[in-house]
Amino acid sequence: MHYRIDRATPSDIDDIVRFQRGIIDETEPEPVDTPSLREGVRRVFDTPSIGFYLVARADDGAAAGCLLVQREWSDWRNTWVLWVHSVYVAPEHRRRGVLQSMFAHVESLARDEGAAGLRLLTDRANTTAHGAYHKAGYVRCHYDVMEKLFG
């Protein structure tokens, strides 16, 4: 099967929310409020400076996966680094090249705009994802991400 990668539009919100719910169900110990999730996804479309989603579509047009791209300015490199977030491939489309297609597309976009490179966050326990990301050319870097969340 071939997968087409498109920039998401507001008509993709239901699929994106469903995919984000899948990530949450697979990785997060704490529940996430679905109305808040839906509003967060919608806000990406309402506020383009936040970033943008890419959606992988199967031959029949059905959404098969998505990811969110956000920009971070690198003063050290005097250019952007693109962050890949919220990566999800529907279980029935896994191991069919969806992830590789999405990553190749975002890499092409990054290279075209002169970005320094790509970064992504991954759950430490999701070793299946680590293998897929490594296959796509991502390596562990020497930085750890630390966070302080509120609420």
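Figured I'd write up the structure that's included with this text. These figures come from a predicted structure and were not determined experimentally. (Residues numbered from 1 in each chain as written. Predicted model: local features only at pLDDT ≥ 70, side-chain atom pairs only at ≥ 80, totals over all residues. Heavy atoms only, no water.)

### Side note on the sheet that holds strand β5 (residues 117–120)
The five strands lie next to each other as β1-β2-β3-β4-β5, forming an open sheet whose pairing is mixed. Each edge of the open sheet carries a strand with a single partner, namely β1 (4–7) and β5. Strand-to-strand twist across the sheet, computed as the mean angle between neighbouring axes with direction ignored, equals 30 degrees. Of the strand pairs in this sheet, strand β2 (residues 52–57) and strand β3 (residues 63–74) are connected by six bridges, and their pairing is antiparallel. (Pairing = 2+ DSSP bridges. Helix = DSSP H or I, 4+ residues; strand = E, 2+ residues; numbered from the N terminus. Axes fitted to C-alpha atoms, helices over the stretch in contact; angles between N-to-C directions.)

### Side note on the side chain of His 93
Structurally, His 93 can be placed in the loop between β4 (79–89) and α3 (98–112). Apart from the residues lying within four places of it in its own chain, the contact partners of His 93 are Met 1, Tyr 3, Ala 58, Ala 64 and Val 98. (Contact = heavy atoms within 4.5 Å.)

### Looking at helix α4 (residues 127–135)
Within the sequence span of α4, burial applies to Ala 129, His 130 and Tyr 133. An end-on view of α4 places all buried positions within 105 degrees of arc, on one side of the element. Facing away from the buried side of α4 by over 90 degrees, the exposed positions are Thr 127, Thr 128, His 134 and Lys 135. For α4, the elements touching its buried residues are β4, α3 and β5. The first or second residue beyond α4 is Gly 137, which carries a positive phi of 100 degrees. (Buried < 20%, exposed > 50% of the residue type's maximum accessible area, 1.4 Å probe, protein only. Arc of directions from axis to C-beta.)

### Focus on the packing of aromatic side chains
If you walk through the whole model with that rule in mind, you get five aromatic pairs. Seen from their ring centres, Trp 73 and Trp 80 are 5.1 Å apart, and the 80 degrees between their planes marks the pair as edge-to-face. Overall, the relative accessible area of 44% leaves Trp 73 in the partly exposed class. What makes Trp 80 partly exposed here is its relative accessible area of 33%. Each residue in the set Phe 103, Tyr 133 and Tyr 138 is aromatic and connected to the rest through ring pairs, giving one cluster. Between the NZ or CZ atom of Arg 7 and the centre of the ring of Phe 52, over which it lies, the distance is 4.0 Å. (Phe/Tyr/Trp six-rings, centres within 6.5 Å; stacked < 30°, edge-to-face > 60°. Lys NZ or Arg CZ within 6 Å of the ring centre and 35° of its normal.)

### Remarks on the nonpolar core
In this structure, Leu 67, Val 84, Met 102, Phe 103 and Tyr 133 are the most contacted members of the largest nonpolar core, which totals 24 residues. Among the secondary structure elements, those contributing two or more residues to this core are β2, β3, β4, α3 and α4. A per-element tally of this core places α3 first, with six residues. Those residues in contact with Tyr 133, other than ones at most four positions away along the chain, are Val 87, Leu 99, Phe 103, Leu 120, Thr 122 and Tyr 138. (Core = buried A, V, L, I, M, F, W, Y, C linked by side-chain atoms within 4.5 Å.)

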